[in-house]
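# Overview (structure and organization)
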Amino acid sequence: MLDIAEELHRWCGEGRAFAVATVVAVEGSAPRQPGAALAVDAAGTAVGSVSGGCVEGAVYELCRAALESGESVRERFGYSDEDAFAVGLTCGGVLDVLVVPVRPDGPGRDVPAEALAAATAGEPVALARVVDGPDGWLGRALLVRPDGTYGGTLTGSAVASAPGSLDRAVAEEAAALLAAGRTATVTTGLDGARCGDPVTVLVESCLPPPRMIVFGAVDFAAALVRAGKFLGHHVTVCDARPVFATTGRFPEADEVAVDWPHRYLDAQEAAGALDARTVLCVLTHDAKFDVPLLERALRLPVAYVGAMGSRRTHEARLGRLREAGVGERALGRLRSPIGLDLGARTPEETALSIAAEIVAVRHGGTGAPLTGAGTPIHREPRRGLGSVA
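So, here is what we can say about the structure in this document. Remember, predicted model here, so these are calculated numbers, not experimental data. (Residues numbered from 1 in each chain as written. Predicted model: local features only at pLDDT ≥ 70, side-chain atom pairs only at ≥ 80, totals over all residues. Heavy atoms only, no water.)

## Let's talk about the nonpolar core
A general trend in soluble globular proteins is that nonpolar side chains are found buried together. By size, the foremost hydrophobic cluster in this structure holds 25 residues, and its most contacted members are Val214, Leu224, Phe250, Cys281, Leu283, Tyr304 and Ile354. Where this core is concerned, the elements lending two or more residues are β11 (211-215), α5 (219-230), β12 (234-239), β14 (279-282) and α10 (347-363). When residues in this core are grouped by element, the largest group, 6 residues, is from α5. What leucine 224 contacts, discounting residues up to four positions off in sequence, is Met212, Val214, Cys281, Leu283, Ala351 and Ile354. Core analysis: the next-biggest nonpolar cluster, separate from the first, contains 24 residues, Tyr264, Leu274, Leu298 and Leu300 among them. (Core = buried A, V, L, I, M, F, W, Y, C linked by side-chain atoms within 4.5 Å. Buried < 20%, exposed > 50% of the residue type's maximum accessible area, 1.4 Å probe, protein only. Helix = DSSP H or I, 4+ residues; strand = E, 2+ residues; numbered from the N terminus. Contact = heavy atoms within 4.5 Å.)

## Examining the sheet that holds strand β4 (residues 73-77)
The strand order β3-β2-β1-β5-β4 describes an open sheet built from 5 strands, whose pairing is antiparallel. In the strand order of this sheet, the two ends are held by β3 (46-48) and β4, each with one partner. Neighbour to neighbour, the strand axes of the sheet diverge by 20° on average, direction disregarded. By the bridge criterion, 5 bridges tie strand β1 (residues 18-27) to strand β2 (residues 37-41) in an arrangement that is antiparallel. By the bridge assignment, phenylalanine 18 is partnered in β2 with aspartate 41. Taken strand by strand, helix α2 (residues 56-69) contacts β1, β2, β3, β4 and β5 (94-102), and its axis lies near 50° from that of β2. (Pairing = 2+ DSSP bridges. Axes fitted to C-alpha atoms, helices over the stretch in contact; angles between N-to-C directions.)

## Some remarks on the sheet that holds strand β7 (residues 141-144)
On the basis of which strands lie adjacent, the open sheet formed by 5 strands has the order β8-β7-β6-β10-β9 and antiparallel pairing. Whereas interior strands pair on both sides, the edge strands pair on one side only; in this sheet they are β8 (150-152) and β9 (184-189). Between one strand and the next, the sheet's axes are offset by a mean angle of 25°, whatever the strand orientation. Summarising the sheet, β9 and strand β10 (residues 198-206) pair through 6 bridges and their orientation is antiparallel. Residue pairing for β10: glycine 189 is matched across the bridge by proline 198.

## Some words on unusual backbone geometry
For the bond running from serine 336 to proline 337, omega is -10°, close enough to zero to count as cis. Although it is not a glycine, histidine 285 adopts a positive phi angle of roughly 35°.

## Some words on the pattern of salt bridges
Working definition: two side chains of opposite charge can pair if their charged atoms are close together. Across all of its chains, the model carries 24 salt bridges by this definition. Its salt-bridge partner being glutamate 204, residue arginine 129 comes within 2.6 Å of it at the nearest N-O pair. With arginine 129 in strand β6 (residues 125-132) and glutamate 204 in strand β10, the pair connects residues that are 75 residues apart, well separated along the chain. For arginine 129, a relative accessible area of 3% puts it in the buried group. A salt bridge links aspartate 254 to lysine 229; the nearest nitrogen and oxygen atoms lie 2.9 Å apart. In this pair, aspartate 254 sits in the loop between β12 and β13 (255-258) while lysine 229 sits in helix α5, placing the two residues 25 residues apart along the sequence. Given the relative accessible area of 32%, lysine 229 is considered partly exposed. (Salt bridge = Lys/Arg side-chain N within 4 Å of Asp/Glu carboxyl O.)

Put into C-alpha coordinates, the structure is as follows:
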(Lines give C-alpha, C1' and ligand atoms only; values in the text may rest on other atoms or scores of the structure.)
Protein backbone atom coordinates (compact mmCIF):
# COMPACT_ATOMS: atom_id res chain seq x y z
CA MET A 1 0.00 0.00 0.00
CA LEU A 2 2.83 2.39 0.83
CA ASP A 3 4.31 1.69 -2.63
CA ILE A 4 1.50 3.78 -4.12
CA ALA A 5 1.27 6.22 -1.21
CA GLU A 6 1.48 9.44 -3.20
CA GLU A 7 -1.57 8.65 -5.34
CA LEU A 8 -3.60 7.30 -2.41
CA HIS A 9 -2.70 10.30 -0.28
CA ARG A 10 -4.14 12.49 -3.01
CA TRP A 11 -7.30 10.37 -3.06
CA CYS A 12 -7.65 10.81 0.71
CA GLY A 13 -7.26 14.57 0.34
CA GLU A 14 -10.00 14.59 -2.28
CA GLY A 15 -12.32 12.60 0.00
CA ARG A 16 -12.50 9.63 -2.35
CA ALA A 17 -13.64 6.20 -1.26
CA PHE A 18 -11.32 3.42 -2.40
CA ALA A 19 -10.32 -0.15 -1.67
CA VAL A 20 -6.75 -1.41 -1.43
CA ALA A 21 -5.75 -4.96 -2.32
CA THR A 22 -2.37 -5.93 -0.83
CA VAL A 23 -0.34 -9.09 -1.33
CA VAL A 24 0.05 -10.51 2.19
CA ALA A 25 1.58 -13.95 1.51
CA VAL A 26 3.37 -15.72 -1.33
CA GLU A 27 4.13 -19.39 -1.93
CA GLY A 28 6.39 -20.58 -4.73
CA SER A 29 7.06 -18.39 -7.73
CA ALA A 30 4.95 -15.23 -7.96
CA PRO A 31 5.49 -11.96 -9.84
CA ARG A 32 5.00 -9.65 -6.83
CA GLN A 33 6.02 -9.92 -3.18
CA PRO A 34 4.15 -9.08 0.06
CA GLY A 35 3.33 -5.39 0.19
CA ALA A 36 2.53 -5.04 -3.52
CA ALA A 37 -0.82 -3.28 -3.86
CA LEU A 38 -3.63 -2.39 -6.24
CA ALA A 39 -6.13 0.32 -5.32
CA VAL A 40 -9.50 1.04 -6.96
CA ASP A 41 -11.67 4.09 -6.24
CA ALA A 42 -15.44 4.40 -6.45
CA ALA A 43 -15.24 5.62 -10.05
CA GLY A 44 -13.30 2.50 -11.08
CA THR A 45 -9.90 4.18 -11.42
CA ALA A 46 -7.08 1.75 -10.61
CA VAL A 47 -3.48 2.31 -9.55
CA GLY A 48 -0.76 -0.20 -8.71
CA SER A 49 -0.49 -3.94 -9.29
CA VAL A 50 -0.55 -7.18 -7.28
CA SER A 51 0.45 -9.74 -9.90
CA GLY A 52 1.86 -8.11 -13.00
CA GLY A 53 -1.33 -9.01 -14.87
CA CYS A 54 -2.13 -12.61 -13.91
CA VAL A 55 -5.04 -11.93 -11.57
CA GLU A 56 -5.48 -8.16 -11.82
CA GLY A 57 -9.00 -8.43 -13.23
CA ALA A 58 -10.25 -10.66 -10.41
CA VAL A 59 -8.61 -8.49 -7.73
CA TYR A 60 -10.10 -5.38 -9.34
CA GLU A 61 -13.56 -6.89 -8.95
CA LEU A 62 -12.82 -7.81 -5.33
CA CYS A 63 -11.98 -4.16 -4.67
CA ARG A 64 -15.23 -3.00 -6.25
CA ALA A 65 -17.18 -5.51 -4.15
CA ALA A 66 -15.41 -4.42 -0.94
CA LEU A 67 -16.32 -0.82 -1.63
CA GLU A 68 -19.97 -1.86 -1.94
CA SER A 69 -20.05 -4.07 1.16
CA GLY A 70 -17.69 -2.10 3.37
CA GLU A 71 -16.12 -5.40 4.49
CA SER A 72 -12.49 -6.50 4.32
CA VAL A 73 -11.77 -9.84 2.66
CA ARG A 74 -8.79 -12.15 2.15
CA GLU A 75 -8.61 -14.21 -1.05
CA ARG A 76 -6.14 -16.81 -2.33
CA PHE A 77 -5.05 -17.10 -5.95
CA GLY A 78 -3.11 -20.06 -7.30
CA TYR A 79 -2.11 -21.80 -10.50
CA SER A 80 -4.88 -23.44 -12.55
CA ASP A 81 -3.85 -26.09 -15.07
CA GLU A 82 -7.41 -27.24 -15.85
CA ASP A 83 -8.55 -24.11 -17.56
CA ALA A 84 -6.02 -21.89 -19.29
CA PHE A 85 -8.42 -18.97 -18.97
CA ALA A 86 -9.32 -19.51 -15.31
CA VAL A 87 -8.19 -16.98 -12.74
CA GLY A 88 -4.77 -18.16 -11.61
CA LEU A 89 -1.07 -17.52 -11.62
CA THR A 90 0.49 -18.97 -14.73
CA CYS A 91 3.92 -18.80 -13.05
CA GLY A 92 2.85 -21.63 -10.75
CA GLY A 93 2.85 -19.72 -7.45
CA VAL A 94 0.18 -18.94 -4.89
CA LEU A 95 -0.53 -15.53 -3.40
CA ASP A 96 -2.93 -14.29 -0.74
CA VAL A 97 -4.49 -10.87 -1.16
CA LEU A 98 -6.07 -8.71 1.55
CA VAL A 99 -8.70 -6.24 0.32
CA VAL A 100 -9.62 -3.38 2.67
CA PRO A 101 -12.17 -0.62 1.90
CA VAL A 102 -11.21 2.92 2.93
CA ARG A 103 -14.20 5.27 3.01
CA PRO A 104 -14.22 8.97 3.90
CA ASP A 105 -16.75 8.40 6.70
CA GLY A 106 -15.81 4.80 7.46
CA PRO A 107 -14.10 3.37 10.54
CA GLY A 108 -10.38 2.75 10.44
CA ARG A 109 -9.58 5.44 7.86
CA ASP A 110 -7.41 7.64 10.10
CA VAL A 111 -4.49 5.23 10.49
CA PRO A 112 -4.06 4.41 6.76
CA ALA A 113 -4.50 8.10 5.89
CA GLU A 114 -1.80 9.11 8.39
CA ALA A 115 0.54 6.41 7.10
CA LEU A 116 0.02 7.56 3.51
CA ALA A 117 0.69 11.18 4.48
CA ALA A 118 3.93 10.21 6.25
CA ALA A 119 5.11 8.05 3.35
CA THR A 120 4.35 10.81 0.84
CA ALA A 121 6.37 13.26 2.95
CA GLY A 122 9.33 10.88 2.93
CA GLU A 123 9.07 10.08 6.64
CA PRO A 124 9.98 6.58 7.88
CA VAL A 125 6.82 4.75 8.91
CA ALA A 126 5.44 1.23 9.20
CA LEU A 127 1.83 0.18 8.68
CA ALA A 128 0.79 -3.02 10.47
CA ARG A 129 -2.52 -4.62 9.42
CA VAL A 130 -4.24 -7.79 10.62
CA VAL A 131 -4.29 -10.38 7.84
CA ASP A 132 -5.43 -13.35 9.94
CA GLY A 133 -7.12 -13.38 13.33
CA PRO A 134 -10.47 -13.22 15.14
CA ASP A 135 -13.68 -12.45 13.27
CA GLY A 136 -13.99 -8.77 12.48
CA TRP A 137 -10.29 -8.02 12.93
CA LEU A 138 -9.26 -8.32 9.28
CA GLY A 139 -7.64 -5.10 8.07
CA ARG A 140 -7.35 -3.40 11.47
CA ALA A 141 -4.31 -1.13 11.36
CA LEU A 142 -1.53 0.25 13.51
CA LEU A 143 0.84 3.03 12.46
CA VAL A 144 4.35 2.65 13.90
CA ARG A 145 7.16 5.21 14.03
CA PRO A 146 10.90 4.41 14.15
CA ASP A 147 11.03 4.96 17.92
CA GLY A 148 8.29 2.37 18.48
CA THR A 149 5.49 4.84 19.23
CA TYR A 150 2.26 3.94 17.50
CA GLY A 151 -1.22 5.12 16.65
CA GLY A 152 -4.44 3.16 16.23
CA THR A 153 -5.21 -0.22 17.75
CA LEU A 154 -5.54 -3.84 16.71
CA THR A 155 -7.22 -4.96 19.93
CA GLY A 156 -10.86 -5.74 20.62
CA SER A 157 -13.06 -7.19 23.35
CA ALA A 158 -11.18 -10.53 23.12
CA VAL A 159 -8.18 -8.92 24.85
CA ALA A 160 -9.95 -6.40 27.05
CA SER A 161 -8.21 -7.88 30.10
CA ALA A 162 -4.83 -6.84 28.72
CA PRO A 163 -5.43 -3.62 26.78
CA GLY A 164 -2.61 -2.56 24.52
CA SER A 165 -0.35 -5.57 25.05
CA LEU A 166 -0.90 -6.86 21.51
CA ASP A 167 -0.44 -3.36 20.11
CA ARG A 168 2.82 -2.91 22.02
CA ALA A 169 4.16 -6.29 20.92
CA VAL A 170 3.33 -5.64 17.26
CA ALA A 171 4.72 -2.10 17.46
CA GLU A 172 8.05 -3.45 18.75
CA GLU A 173 8.25 -5.99 15.92
CA ALA A 174 7.22 -3.38 13.36
CA ALA A 175 9.83 -0.88 14.58
CA ALA A 176 12.53 -3.54 14.15
CA LEU A 177 11.35 -4.34 10.63
CA LEU A 178 11.21 -0.62 9.82
CA ALA A 179 14.80 -0.14 11.00
CA ALA A 180 15.84 -2.86 8.53
CA GLY A 181 13.59 -1.52 5.78
CA ARG A 182 11.75 -4.86 5.54
CA THR A 183 8.16 -5.78 4.79
CA ALA A 184 7.12 -9.05 6.43
CA THR A 185 4.41 -10.83 8.41
CA VAL A 186 4.48 -11.17 12.19
CA THR A 187 2.48 -13.75 14.15
CA THR A 188 1.82 -13.41 17.87
CA GLY A 189 -0.83 -14.34 20.44
CA LEU A 190 -3.90 -12.25 21.25
CA ASP A 191 -2.25 -11.04 24.46
CA GLY A 192 0.98 -10.10 22.70
CA ALA A 193 2.79 -13.25 23.83
CA ARG A 194 3.86 -16.16 21.66
CA CYS A 195 1.11 -18.40 23.07
CA GLY A 196 -2.67 -18.31 22.79
CA ASP A 197 -4.82 -17.80 19.73
CA PRO A 198 -2.63 -16.41 16.94
CA VAL A 199 -2.93 -13.10 15.17
CA THR A 200 -0.95 -12.54 11.95
CA VAL A 201 -0.06 -9.00 10.94
CA LEU A 202 1.53 -7.71 7.73
CA VAL A 203 4.06 -4.99 8.46
CA GLU A 204 4.76 -2.71 5.51
CA SER A 205 7.87 -0.57 5.95
CA CYS A 206 8.42 2.70 4.15
CA LEU A 207 11.75 4.47 4.36
CA PRO A 208 13.16 7.41 2.39
CA PRO A 209 14.87 6.25 -0.81
CA PRO A 210 18.22 4.51 -0.29
CA ARG A 211 21.25 6.61 -1.10
CA MET A 212 23.69 6.12 -3.92
CA ILE A 213 26.84 8.23 -3.70
CA VAL A 214 28.89 8.33 -6.88
CA PHE A 215 32.46 9.54 -6.30
CA GLY A 216 34.08 10.93 -9.41
CA ALA A 217 32.42 13.37 -11.82
CA VAL A 218 33.38 11.39 -14.93
CA ASP A 219 31.43 10.40 -18.05
CA PHE A 220 30.54 7.03 -16.54
CA ALA A 221 29.04 8.84 -13.55
CA ALA A 222 26.36 10.55 -15.63
CA ALA A 223 25.09 7.21 -16.90
CA LEU A 224 25.27 5.69 -13.41
CA VAL A 225 23.24 8.58 -12.00
CA ARG A 226 20.44 7.75 -14.45
CA ALA A 227 20.63 4.05 -13.56
CA GLY A 228 20.58 4.86 -9.84
CA LYS A 229 17.51 7.06 -10.23
CA PHE A 230 15.81 4.31 -12.22
CA LEU A 231 16.44 1.91 -9.31
CA GLY A 232 14.85 4.39 -6.89
CA HIS A 233 17.96 5.77 -5.20
CA HIS A 234 18.59 9.29 -3.97
CA VAL A 235 21.76 9.97 -5.96
CA THR A 236 24.66 12.23 -5.01
CA VAL A 237 27.72 12.96 -7.15
CA CYS A 238 30.84 14.02 -5.26
CA ASP A 239 34.13 15.27 -6.70
CA ALA A 240 36.84 17.58 -5.40
CA ARG A 241 37.12 19.36 -8.76
CA PRO A 242 34.52 22.16 -9.09
CA VAL A 243 34.97 22.43 -12.84
CA PHE A 244 33.61 18.89 -13.24
CA ALA A 245 31.19 18.59 -10.30
CA THR A 246 28.36 20.78 -11.59
CA THR A 247 24.59 20.41 -11.78
CA GLY A 248 24.86 21.22 -15.48
CA ARG A 249 26.85 18.04 -16.07
CA PHE A 250 24.62 15.96 -13.79
CA PRO A 251 21.10 17.41 -14.06
CA GLU A 252 19.46 14.17 -12.93
CA ALA A 253 21.43 13.91 -9.68
CA ASP A 254 19.61 14.85 -6.50
CA GLU A 255 22.75 16.52 -5.21
CA VAL A 256 26.19 17.49 -6.51
CA ALA A 257 28.85 17.99 -3.83
CA VAL A 258 32.21 19.65 -4.37
CA ASP A 259 34.50 18.16 -1.74
CA TRP A 260 37.29 15.68 -1.25
CA PRO A 261 35.54 12.28 -1.34
CA HIS A 262 36.86 10.99 2.00
CA ARG A 263 36.03 14.27 3.72
CA TYR A 264 32.51 14.22 2.31
CA LEU A 265 32.01 10.62 3.44
CA ASP A 266 33.23 11.50 6.95
CA ALA A 267 30.73 14.36 7.11
CA GLN A 268 27.87 12.15 5.95
CA GLU A 269 28.73 9.51 8.54
CA ALA A 270 28.90 12.12 11.29
CA ALA A 271 25.50 13.45 10.23
CA GLY A 272 23.94 9.98 10.37
CA ALA A 273 23.11 10.20 6.66
CA LEU A 274 24.40 6.69 5.81
CA ASP A 275 22.66 3.41 6.57
CA ALA A 276 22.66 -0.27 5.71
CA ARG A 277 21.02 0.46 2.33
CA THR A 278 23.60 3.01 1.17
CA VAL A 279 25.50 2.28 -2.04
CA LEU A 280 28.97 3.76 -2.62
CA CYS A 281 30.40 3.75 -6.16
CA VAL A 282 33.98 4.96 -6.57
CA LEU A 283 34.69 5.89 -10.20
CA THR A 284 37.70 8.16 -9.71
CA HIS A 285 40.37 5.40 -10.14
CA ASP A 286 42.95 7.86 -8.82
CA ALA A 287 44.93 6.71 -5.77
CA LYS A 288 44.96 10.09 -4.04
CA PHE A 289 41.14 10.00 -3.99
CA ASP A 290 40.49 6.25 -3.87
CA VAL A 291 42.70 5.11 -1.00
CA PRO A 292 41.57 7.48 1.78
CA LEU A 293 37.97 7.11 0.61
CA LEU A 294 37.95 3.30 0.46
CA GLU A 295 39.87 3.06 3.73
CA ARG A 296 36.82 4.65 5.38
CA ALA A 297 34.08 3.18 3.17
CA LEU A 298 35.09 -0.45 3.76
CA ARG A 299 34.69 0.00 7.52
CA LEU A 300 31.14 1.36 7.25
CA PRO A 301 28.03 -0.87 7.55
CA VAL A 302 26.76 0.07 4.07
CA ALA A 303 25.15 -2.20 1.49
CA TYR A 304 27.70 -1.95 -1.31
CA VAL A 305 31.16 -0.55 -1.99
CA GLY A 306 32.42 -0.75 -5.57
CA ALA A 307 35.44 0.77 -7.27
CA MET A 308 36.19 1.24 -10.96
CA GLY A 309 39.51 0.33 -12.53
CA SER A 310 41.40 -2.34 -14.42
CA ARG A 311 42.53 -5.54 -12.72
CA ARG A 312 46.05 -4.07 -12.53
CA THR A 313 44.63 -0.92 -10.91
CA HIS A 314 42.66 -3.10 -8.51
CA GLU A 315 45.74 -5.06 -7.40
CA ALA A 316 47.74 -1.86 -6.88
CA ARG A 317 44.83 -0.37 -4.94
CA LEU A 318 44.63 -3.43 -2.69
CA GLY A 319 48.33 -3.05 -1.88
CA ARG A 320 47.89 0.59 -0.89
CA LEU A 321 44.83 -0.23 1.24
CA ARG A 322 46.75 -2.96 3.06
CA GLU A 323 49.54 -0.48 3.72
CA ALA A 324 46.89 1.87 5.14
CA GLY A 325 45.87 -0.83 7.60
CA VAL A 326 42.71 -2.19 5.96
CA GLY A 327 42.26 -5.85 6.91
CA GLU A 328 41.48 -8.76 4.61
CA ARG A 329 37.91 -9.10 5.85
CA ALA A 330 37.17 -5.48 4.97
CA LEU A 331 38.93 -5.84 1.62
CA GLY A 332 36.68 -8.82 0.87
CA ARG A 333 33.72 -6.44 0.81
CA LEU A 334 35.17 -4.42 -2.06
CA ARG A 335 33.51 -4.98 -5.44
CA SER A 336 36.33 -4.30 -7.85
CA PRO A 337 36.55 -4.14 -10.77
CA ILE A 338 33.06 -2.76 -10.27
CA GLY A 339 30.03 -4.36 -11.95
CA LEU A 340 29.06 -7.69 -13.48
CA ASP A 341 30.73 -9.15 -16.56
CA LEU A 342 28.32 -8.05 -19.31
CA GLY A 343 31.00 -7.21 -21.85
CA ALA A 344 30.09 -3.54 -21.29
CA ARG A 345 31.92 -0.90 -23.32
CA THR A 346 29.89 2.32 -23.32
CA PRO A 347 29.13 4.40 -20.20
CA GLU A 348 25.50 3.28 -20.39
CA GLU A 349 26.44 -0.40 -20.62
CA THR A 350 28.90 0.02 -17.76
CA ALA A 351 26.23 1.71 -15.65
CA LEU A 352 23.93 -1.24 -16.38
CA SER A 353 26.58 -3.71 -15.23
CA ILE A 354 27.09 -1.77 -11.98
CA ALA A 355 23.35 -1.48 -11.38
CA ALA A 356 22.95 -5.21 -12.01
CA GLU A 357 25.63 -6.01 -9.43
CA ILE A 358 23.99 -3.73 -6.87
CA VAL A 359 20.65 -5.51 -7.35
CA ALA A 360 22.35 -8.93 -7.12
CA VAL A 361 24.12 -7.99 -3.88
CA ARG A 362 20.96 -6.54 -2.41
CA HIS A 363 18.87 -9.63 -3.04
CA GLY A 364 21.52 -12.35 -2.85
CA GLY A 365 21.53 -13.07 -6.58
CA THR A 366 24.36 -14.85 -8.33
CA GLY A 367 24.53 -12.76 -11.48
CA ALA A 368 24.38 -15.97 -13.55
CA PRO A 369 21.88 -16.41 -16.42
CA LEU A 370 18.51 -17.77 -15.26
CA THR A 371 18.36 -20.05 -18.29
CA GLY A 372 19.13 -23.56 -17.09
CA ALA A 373 20.30 -22.38 -13.67
CA GLY A 374 17.67 -24.13 -11.57
CA THR A 375 17.98 -21.46 -8.86
CA PRO A 376 15.00 -19.57 -7.37
CA ILE A 377 13.98 -16.52 -9.39
CA HIS A 378 12.59 -14.68 -6.35
CA ARG A 379 14.46 -14.59 -3.04
CA GLU A 380 13.64 -13.30 0.42
CA PRO A 381 15.03 -9.79 0.93
CA ARG A 382 18.33 -9.80 2.78
CA ARG A 383 18.02 -8.57 6.35
CA GLY A 384 19.48 -5.11 6.64
CA LEU A 385 19.52 -4.30 2.93
CA GLY A 386 15.82 -3.67 2.95
CA SER A 387 12.73 -3.77 0.69
CA VAL A 388 11.06 -0.14 -0.08
CA ALA A 389 7.62 -1.37 -0.11
